[in-house]
Amino acid sequence: MPAGVATGLAWTEAGGDVLYIEGTLLPDGKGLTLTGHLGEVMQESAKAAQSYIWSHASELGIDPAVFKNDGVHIHVPAGAIPKDGPSAGVTMATAMTSLYTNLPARNDTAMTGELTLTGLVLPIGGVKEKVLAARRAGIRRVVLPKGNQKDLRDLPDDARAEMEFIFADRIGDVLNALIPQLAEHKRNLRPIHHAA
């Protein structure tokens, strides 16, 4: 997958669904543009994700100037199906981090979780449906909030045995699982010296 794309999991009226969240930079653009039939809560998740990344840009290896010089457009395809809820927060943050660092996220891993402004990953609902949606799509690695560990008991035994689960407390856990090159990227960045 190209940089700026991350694989999320959603709950819909029809059960679980896989969502590909895409981001692109808008040179000389401003702010955050969101498209894809998103409800209010999901839009707020995107704004919270961007605020978290902006406030932690240097530790993520992102040049803060990119926030001033470029806008960002986040799109969630799958047109007519309304999407809402806070559980796309970690996927939004992963897509944006991938976009801003130009490092692709792993395409064999899907994720779900609510993100707070301080970077905590909070539990969400619909774990069984979401994990089974990932499995149907051929995805065998899933990142879940640590608070949802107990929900794995609701899964069929064969699904539990086939899948790899990574449990996240903080967004850093998610990014380490999805963008393993991030640590190397941060080490290679030269410190920025500002003229006095």
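In this text, all values refer to a predicted model and were calculated from it rather than measured experimentally.

What counts, and where the lines are drawn
Residues numbered from 1 in each chain as written. Predicted model: local features only at pLDDT ≥ 70, side-chain atom pairs only at ≥ 80, totals over all residues. Heavy atoms only, no water. Axes fitted to C-alpha atoms, helices over the stretch in contact; angles between N-to-C directions. Helix = DSSP H or I, 4+ residues; strand = E, 2+ residues; numbered from the N terminus. Parallel < 35°, antiparallel > 145°, perpendicular 65-115°, else oblique. Left-handed = near helix turned anticlockwise from the far one by under 90°. Contact = heavy atoms within 4.5 Å. Nonpolar A, V, L, I, M, F, W, Y, C, P; charged D, E, K, R; others polar. Phe/Tyr/Trp six-rings, centres within 6.5 Å; stacked < 30°, edge-to-face > 60°. Salt bridge = Lys/Arg side-chain N within 4 Å of Asp/Glu carboxyl O. Buried < 20%, exposed > 50% of the residue type's maximum accessible area, 1.4 Å probe, protein only. Core = buried A, V, L, I, M, F, W, Y, C linked by side-chain atoms within 4.5 Å.

Student: Would you mind showing me how to read the packing of helix α4 (residues 89-101) against helix α7 (residues 171-178) here?
Tutor: Two quantities define a packed helix pair, namely the angle between the axes and the distance from one axis to the other. The contact between α4 and α7 brings their axes to 10 Å, and the two run at 55°. Of the possible angle classes, the one that applies to α4 and α7 is oblique. The chirality of how α4 crosses α7 is right-handed. Every residue of α7 that contacts α4 at Val90, Ala93, Thr94 and Thr97 is listed here: Ile171, Val174, Leu175 and Leu178. Among the residues making up the contact of α4 with α7, the classes are represented as six nonpolar, two polar and no charged.

Student: Got a minute to help me understand the packing of aromatic side chains in this structure?
Tutor: Pairs of aromatic rings are described using the distance from one ring centre to the other and the angle between the two planes. Here the structure, examined in full by the defined rule, presents three aromatic pairs. Geometrically, the ring pair formed by Phe67 and Tyr100 is tilted, given 4.6 Å between the ring centres and 55° between the ring planes. You can see Phe67 sitting in helix α3 (residues 65-69) and its partner Tyr100 sitting in helix α4, a full 33 residues away along the chain. An aromatic cluster is built from Trp54, Phe67 and Tyr100, whose rings are joined through pairwise contacts.

Student: Is there a simple way to think about the pattern of salt bridges in this case?
Tutor: Close approach of charged atoms allows side chains of opposite charge to pair. Taken as a whole and judged by the stated rule, the model has eight salt bridges. Residue Glu162 is joined to Arg140 by a salt bridge in which the shortest nitrogen-to-oxygen separation is 3.5 Å. Placement of Glu162 in helix α6 (residues 157-162) and of Arg140 in the loop between α5 (127-136) and β8 (141-145) is noted, with a sequence separation of 22 residues between them. Here Glu162 falls in the partly exposed class, since its relative accessible area comes to 38%. With its nearest N and O atoms 2.5 Å apart, the salt bridge here joins Asp157 to Arg160. Within this pair, Asp157 and its partner Arg160 are both found in helix α6, separated by three residues, close to a single helical turn. Note on Arg160: relative accessible area 29%, which makes it partly exposed. Overlapping salt bridges, with partners in common, bring together Arg135, Arg140, Asp158 and Glu162 in one network.

Student: What should I look at first to understand the side chain of Thr94 in this one?
Tutor: Residue position: Thr94 is located in helix α4. Sequence-distant contacts of Thr94, defined by excluding residues within four places in its chain, comprise Ala6, Ala105, Met111, Val174, Leu175, Leu178 and Ile179.

Student: Would you explain the nonpolar core in this entry?
Tutor: A general feature of soluble globular proteins is that nonpolar side chains tend to end up buried together. Of all hydrophobic cores here, the largest spans 41 residues; its most connected members are Ile53, Met92 and Val174. Beyond its immediate chain neighbours, meaning those up to four positions away, Met92 contacts Ile21, Leu38, Met42, Ala46, Ala49, Ile74 and Val76. Counting residues in hydrophobic clusters, the runner-up holds 16 residues, among them Leu9, Ala110, Ile139 and Leu155.

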